[in-house]
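Overview (structure and organization)
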Amino acid sequence: MNIHDIFSETLSTLGFSEIEINIKWELLHKNYFKKNRYYHNWAHIEAMIKSWSAYKNQLENPVEVLLAIYYHDVIYVSTRKDNELKSAELACKELKEVDGIDLNTIYNLILCTQTHKAITNDEKWLVDFDLQILGRSWEIYEMYYKQIRKEYRIYPRFMYNPGRKKALEHFLEKETIYQTETFQLQYEKQARENIRREIELL
């Protein structure tokens, strides 16, 4: 199933009507296709849902994690620092009619994608899904960091580079970038190599 079908089937199971589902989908579609989104777009969501599909059996609340993925970047403006908060608030507003899910869990899941500080098992998996790109091949990683640069293109190099370097060094300072043993084994080494290589280029 594609990401539209997964979304529709999930909301249908929760009791939303076809009209309601289409309205909610259009909101997501409109936001993730905005011109300023070079990385935080549908491709990012698709990659995360692919990971979710592969590891959903490891999750305690797979539906909440899935919905958190769809909504975690629905609000994204590179100059703001409250994107995740606004996204979490919008998710709760959009899904408030449903009794079969825990909105508080979805809210907290989305917020943890900002800090990458995960406490629960589901939060750890979600953060790893979100950061998987860091541990991909250098060719894919290079495309990723160039897309991020485009999203921050309003900032000149002398402003962007120090901020980007600080963010990257923050990852290297951690004992592990990834929270789950599965992702640590698959992506940790490559992620650190990629990050060091980007820092050298800044």
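Everything that follows concerns the structure shown earlier in this document.
**Comments concerning helix α8 (residues 138–151)**
When the terminal C-alpha atoms of α8 are compared, their 20 Å separation across 14 residues agrees well with the 20 Å that a helix rising 1.5 Å per residue should span. Taken together, the buried positions of α8 are occupied by Trp 138, Tyr 141, Tyr 144, Tyr 145, Ile 148 and Glu 151. Along the long axis of α8, the arc covered by the buried residues comes to 135°, so they all point the same way. Among the exposed residues of α8, those oriented more than 90 degrees off its buried face are Glu 139 and Met 143.

**Quick look at the packing of aromatic side chains**
What the rule picks out here adds up to 20 aromatic pairs. Taken together, a centroid distance of 5.0 Å and an interplanar angle of 65° make the contact between Phe 7 and Tyr 70 edge-to-face. Remark: Tyr 70 occurs in helix α4 (residues 62–71) and Phe 7 occurs in helix α1 (residues 3–13); sequence separation between them is 63 residues. Considered together, Phe 7 and Tyr 70 belong to a single accessibility category, that of buried residues. Centroid distance Trp 138 to Tyr 141: 5.6 Å. Interplanar angle 25°. Geometry classified as stacked. In this pair, Trp 138 and Tyr 141 both sit in helix α8, 3 residues apart, roughly one turn of the helix. On the basis of relative accessibility, which here comes to 10%, the residue Trp 138 falls in the buried class. Put simply, the rings of Tyr 55, Trp 125, Phe 129, Tyr 178, Phe 183 and Tyr 187 touch in pairs and so form one group of aromatic residues. The lysine or arginine in question, Arg 149, covers the ring of Tyr 160, its NZ or CZ lying 4.2 Å from the ring centre.

**A look at the pattern of salt bridges**
As enumerated under the stated definition, the model contains 6 salt bridges in all. Residues Lys 86 and Glu 89 are paired through a salt bridge, measuring 4.0 Å at the closest nitrogen-oxygen approach. Of this pair, Lys 86 and Glu 89 both sit in helix α5 (residues 83–94), 3 residues apart, roughly one helical turn. Under the relative-accessibility criterion, Lys 86 is labelled partly exposed at 35%. Residues Arg 192 and Glu 188 are paired through a salt bridge, measuring 2.9 Å at the closest nitrogen-oxygen approach. Of this pair, Arg 192 and Glu 188 both sit in helix α10 (residues 181–201), separated by 4 residues, roughly a single helical turn. Across this residue pair, the class does not change: Arg 192 and Glu 188 are buried.

Quick notes on the rules
- Residues numbered from 1 in each chain as written.
- Predicted model: local features only at pLDDT ≥ 70, side-chain atom pairs only at ≥ 80, totals over all residues.
- Heavy atoms only, no water.
- Helix = DSSP H or I, 4+ residues; strand = E, 2+ residues; numbered from the N terminus.
- Expected span 1.5 Å × (residues − 1).
- Buried < 20%, exposed > 50% of the residue type's maximum accessible area, 1.4 Å probe, protein only.
- Arc of directions from axis to C-beta.
- Phe/Tyr/Trp six-rings, centres within 6.5 Å; stacked < 30°, edge-to-face > 60°.
- Lys NZ or Arg CZ within 6 Å of the ring centre and 35° of its normal.
- Salt bridge = Lys/Arg side-chain N within 4 Å of Asp/Glu carboxyl O.

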